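Chain by chain, the residues run as shown.
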Amino acid sequence: MTPETTPGTVHIAAGMSDAEVTAEARRIIADAYRPAPETPTSYRDTSPLPAYGSTPPVPQPDRRIVPAWAAGTIVAGIGVGAAFVGIGCGVWLACRGLAAVSLTDVLFVTLPIAGVAAVATAVGSALRSLKDVHTEHHHHYSGPVRQENTTTHTRGVFARTTNR
């Protein structure tokens, strides 16, 4: 039967003297309690940065274009939602004071009102977008003019834009 060993256990030969065993035990204990060497975990470069480099600046135009009708629809939706949460809470508080009405009952009363408001917002958004469909541009030039019309089509799940 062999004695249990752990990883890193040193097998001491049977012929070691007591002094050698004691010295080996002290060495093992000293190795176990020796502090780990300090390894840097970060580095900060303190050299000054140049005011400008050899690369010329590149224009970075802002391409986040949101149509006005979309922004208006979002704002209207948030406003309608916030208004009807407040109205719903007010109705709930009033009903709670008048009778033992559950929140579900109050929601069934206020949901048609919120539905009408959502439909009104959608109709207003659709009418606004229909108004913007017909746009007529008049340009008056004097002198030689070169006019190029570009038609842009964006299609696909991964937006592929084709300019003609």
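Placed above this text is the structure.
Below is a summary of the structure that appears in this document. Please read all numbers here as calculations on a predicted model, not as lab measurements. The residue count restarts for each chain, going from 1 along the sequence in the order it is written. Reporting in this predicted model follows two pLDDT cut-offs: at least 70 for local features of residues, and 80 or more for side-chain atom pairs to be given and counted; totals over whole chains, interfaces and linings ignore these cut-offs and use all residues. Excluding hydrogens and water, the side-chain figures rest on all heavy atoms present in the structure.

Comments concerning the pattern of salt bridges
Phase 1 of the analysis: For this analysis, a salt bridge means a side-chain nitrogen from Lys or Arg found within 4 Å of a carboxyl oxygen belonging to Asp or Glu. Under the counting rule described, the total for this entry stands at three salt bridges.
Phase 2 of the analysis: In this structure, the salt-bridge partner of Arg 27 is Glu 24, at a minimum N-O distance of 2.5 Å. Highlighted residues: Arg 27 and Glu 24, both in helix α1 (residues 18-33), separated by three residues, approximately one helical turn.
Phase 3 of the analysis: The buried label goes to any residue with under 20% of its type's maximum accessible area, the exposed label to any with over 50%, and the partly exposed label to all in between, with areas taken from a 1.4 Å probe on protein chains only. Given a relative accessible area of 39%, Arg 27 falls into the partly exposed group.
Phase 4 of the analysis: On the accessibility criterion, Glu 24 (19% relative accessible area) is buried.
Phase 5 of the analysis: One salt bridge in this structure joins Arg 27 and Asp 31, with 2.9 Å as the shortest N-O distance. With Arg 27 and Asp 31 both in helix α1 and four residues apart, the pair spans about one turn of that helix.
Phase 6 of the analysis: The class for Asp 31 is partly exposed, based on a relative accessible area of 33%.
Phase 7 of the analysis: Overlapping salt bridges, with partners in common, bring together Glu 24, Arg 27, Asp 31 and Arg 34 in one network. Numbering of helices and strands runs from the N terminus, with a helix taken as a DSSP run of H or I at least four residues long and a strand as a DSSP run of E at least two residues long.

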